[in-house]
Amino acid sequence: MSTLNNSNTMPQVTELGNLFLSVTGGSVFYVGTAAQIQSLGDVGQGITSRTSTTVSAALARCTSGRGDVIYVMPGYTEDIAGADAWSALLATDVTIIGMGRGTNRPTFTWTAAGSTVLFDVANFRLVNCNLYLAGAHAAGAALTVLAPITVSAAGCEISDCTIFYGFDADQLVTIGITTTIAADFFKFNRNYCYGATAA
């Protein structure tokens, strides 16, 4: 299965074609556009009841303590446009896993000075995604994102992501990832972090 456009980096997760089987006991949800789900053919029809078009919508379906997993489709893009953009994150022990490799992994782009994602619920994990903390990594309007990610709960994790901190002198972040005193056992593993020299 090495030719599949998937990244399986989580224990207790088995790759089955272009789907994943989670044996944590939690529910499995998918995030993607309608076109992405349709492109899966019969498989897409089989998971329609468990798909959402935004991460927030999928987070709202999760239940605390169950070990729910949200898989985000390859090539999916989403703007983080406001404070606490994933405010639907209320359940503990949720993992978001991006499918795909390299530039085809899900991409999340912070687009406003005050846009944030808060890791404020225990054991929330984000894996295998592209994170553009200071807007698109290309010439554009001036943007300084103050604190794009804040971790304030125990057991959270960011792993196997590519994280862009800034593009030029007026497109950058003040503090990319903030950890508070409550962020016990935070894991930051195998991430590639990049900020252009001009930033």
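For the structure itself, consult the block above.
Here is what the cut-offs are and how they apply
- Residues numbered from 1 in each chain as written.
- Predicted model: local features only at pLDDT ≥ 70, side-chain atom pairs only at ≥ 80, totals over all residues.
- Heavy atoms only, no water.
- Helix = DSSP H or I, 4+ residues; strand = E, 2+ residues; numbered from the N terminus.
- Buried < 20%, exposed > 50% of the residue type's maximum accessible area, 1.4 Å probe, protein only.
- Contact = heavy atoms within 4.5 Å.
- Areas by Shrake-Rupley, 256 points an atom, 1.4 Å probe, with all protein chains shown as cover.
- Pairing = 2+ DSSP bridges.
- Phe/Tyr/Trp six-rings, centres within 6.5 Å; stacked < 30°, edge-to-face > 60°.
- Axes fitted to C-alpha atoms, helices over the stretch in contact; angles between N-to-C directions.
- Polar contact = N/O pair within 3.5 Å; in protein donor to acceptor, adjacent residues only side chain to side chain.
- Salt bridge = Lys/Arg side-chain N within 4 Å of Asp/Glu carboxyl O.

1. Structural notes on the overall build of the protein chain
At step 1: Assigned secondary structure in the protein chain consists of three helices and 19 strands.
At step 2: Here the protein chain holds 199 residues, and 47% of them are scored as buried.
At step 3: For the protein chain, the proportion of contacts with a sequence separation of at least 24, taken over those separated by at least 6, is 79%.
At step 4: If you sum the accessible surface of the protein chain, you get close to 8,800 Å²; carbon and sulfur atoms cover 57% of it.

2. What to know about the pairing of strand E5 (residues 69-72)
At step 1: Here E5 shows no split at all, with Val69 and Tyr71 on one side and Ile70 and Val72 on the other all buried.
At step 2: In the sheet, strand E3 (residues 28-31) pairs with E5 via four bridges, with the strands oriented parallel. In the sheet register, valine 31 faces E5, and the bridge partner there is valine 72.
At step 3: In the sheet, E5 pairs with strand E7 (residues 95-98) via four bridges, with the strands oriented parallel. Opposite tyrosine 71, over in E7, you have isoleucine 97 as the bridge partner.

3. With respect to the packing of aromatic side chains
At step 1: Here the structure, examined in full by the defined rule, presents nine aromatic pairs.
At step 2: Among the aromatic residues, ring-to-ring pairing joins Tyr76, Trp86, Phe108, Phe119 and Phe124 into one connected group.

4. Considering the sheet that holds strand E13 (residues 149-151)
Adjacent strands of a sheet pair through backbone hydrogen bonds, lying either parallel or antiparallel.
At step 1: The strand order across the open sheet built from three strands is E9-E13-E17, with neighbouring strands paired in parallel fashion. The open sheet is flanked by strand E9 (117-119) and strand E17 (177-179), the only strands paired with a single partner. Neighbour-to-neighbour, the strand axes of this sheet turn through a mean angle of 15°, independent of strand direction.
At step 2: Pairing analysis gives three bridges linking E9 to E13, with the strands arranged parallel. Residue pairing in the sheet places leucine 118 in a bridge with threonine 150 of E13.

5. What to know about the side chain of aspartate 160
At step 1: When you line up the elements, aspartate 160 lands in the loop between strand E14 (157-159) and strand E15 (162-168).
At step 2: Polar side-chain contacts of aspartate 160 include one of 2.8 Å to the side chain of arginine 190.

6. Things to note about the sheet that holds strand E18 (residues 187-189)
At step 1: Here seven strands make up an open sheet; going across it, the order is E4-E3-E5-E7-E10-E14-E18 and the pairing parallel. Each edge of the open sheet carries a strand with a single partner, namely strand E4 (51-52) and E18.
At step 2: For E14 and E18, the ladder comprises three bridges, and the chain directions are parallel. Its bridge partner lying in E18, glutamate 157 is registered against lysine 187.

7. A word on the environment of valine 31
At step 1: For valine 31, the location among the structural elements is in strand E3.
At step 2: C-alpha separation for the pair valine 31 and tyrosine 76, spaced 45 residues apart in sequence, amounts to 8.0 Å.
At step 3: Non-local contacts of valine 31, meaning those with residues more than four positions away in its chain, are made with Ser52, Thr53, Thr54, Val55, Ala58, Ile70, Tyr71, Val72, Met73 and Tyr76.

8. Looking at the pattern of salt bridges
Two side chains that carry opposite charge are able to pair once their charged atoms sit near each other.
At step 1: Under the counting rule described, the total for this entry stands at two salt bridges.
At step 2: Here arginine 66 and aspartate 68 are joined by a salt bridge, their closest N and O atoms 2.7 Å apart.
At step 3: On the basis of relative accessible area, arginine 66 is assigned to the partly exposed category, the value being 29%.
At step 4: Arginine 190 is the partner of aspartate 160 in a salt bridge, and the nearest nitrogen-oxygen pair spans 2.8 Å. In this pair, aspartate 160 sits in the loop between E14 and E15 while arginine 190 sits in the loop between E18 and strand E19 (192-195), placing the two residues 30 residues apart along the sequence.
At step 5: In this structure aspartate 160 comes out as buried when scored by relative accessible area, which is 14%.

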